[in-house]
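Structural overview for review
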Amino acid sequence: MSIYDKPVRLLFKDFVADPNIVKGQTISKDQVISWFRANYPKIKLGTITAHLIKMSVNAPSRVYYNVNPNGEDDLLYQINGGHFRLYEKENDPSPLYVKLPPERKEIDQTEDSEETEEESEKEYQQTGFAYESDLRDFLSQNLAIIEPVFACMKMKE
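Position numbers for residues start from 1 in each chain and track the written sequence from start to end. Predicted model: local features are reported for residues with pLDDT of at least 70 only, side-chain atom pairs are reported and counted for 80 or more only, and whole-chain, interface and lining totals are derived from all residues. In computing side-chain properties, one takes all heavy atoms of the structure into account and sets aside hydrogens as well as water.

This next bit is on the pattern of salt bridges. Pairing of side chains with opposite charge becomes possible as their charged atoms draw close. We count a salt bridge whenever a side-chain nitrogen from Lys or Arg sits within 4 Å of a carboxyl oxygen from Asp or Glu. Within this structure, the stated rule accounts for seven salt bridges. Between Lys-23 and Glu-90 there is a salt bridge, with the nearest N and O atoms lying 3.8 Å from each other. Of this pair, Lys-23 sits in the loop between helix H1 (8-17) and strand S1 (27-28) while Glu-90 sits in the loop between strand S3 (83-86) and helix H4 (111-127), and the two are 67 residues apart along the sequence. For the pair Lys-23 and Glu-90, a shared accessibility class is recorded, and that class is exposed. In this structure, Arg-62 engages Asp-74 in a salt bridge whose closest nitrogen and oxygen atoms are separated by 2.9 Å. You can see Arg-62 sitting in the loop between helix H3 (45-54) and strand S2 (76-80) and its partner Asp-74 sitting in the loop between H3 and S2, a full twelve residues away along the chain. On the basis of relative accessibility, which here comes to 0%, the residue Arg-62 falls in the buried class. Within this structure, Arg-9, Lys-54, Glu-72 and Asp-73 form a network of salt bridges that share partners. Only DSSP runs of H or I with at least four residues qualify as helices, and only runs of E with at least two residues qualify as strands; both kinds are numbered from the N terminus onward. Think of it in three bands: residues with accessible area under 20% of the maximum for their type are buried, residues over 50% are exposed, and the middle band is partly exposed, with areas taken using a 1.4 Å probe on protein chains only.

Here the focus is the pairing of S2. Pairing between S2 and S3: four bridges, direction antiparallel. If you follow Asn-80 over to S3, its bridge partner there is His-83. When DSSP finds two or more bridges between two strands, those strands count as paired. What sits between the antiparallel neighbours S2 and S3 is a turn of two residues.

Here you go:
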């Protein structure tokens, strides 16, 4: 049951239809939150953030949000963790609807692997995780972030 007369996913359609939002404009996460605070103050911050991911065609975590594959949820293109723009079907890559198989990464103690770990950690800090299972999967694939010893143990398996 919705707090307002429309569910949040439809309120996002109202947001992108706002005359102040134009094609090609960079939209910050804070702008989205401010718009919702001004128009629909009862909606929780976590709900807004989760819908930002769900509505962003290129956000890898969107596949965990039961995205509608007919294109109804394809509203935004995520530039980085805190910035978006309107999705342009004719110019942007195809939307993500299913989880892609993870690439197998070998963990070693080279500078390249440290960069990968830092990038993975930055991705988490910018987007967060919608579900505990997302966090679990991320950590199992990036054990060296937690403790290098765990990474060595996993490699022996």
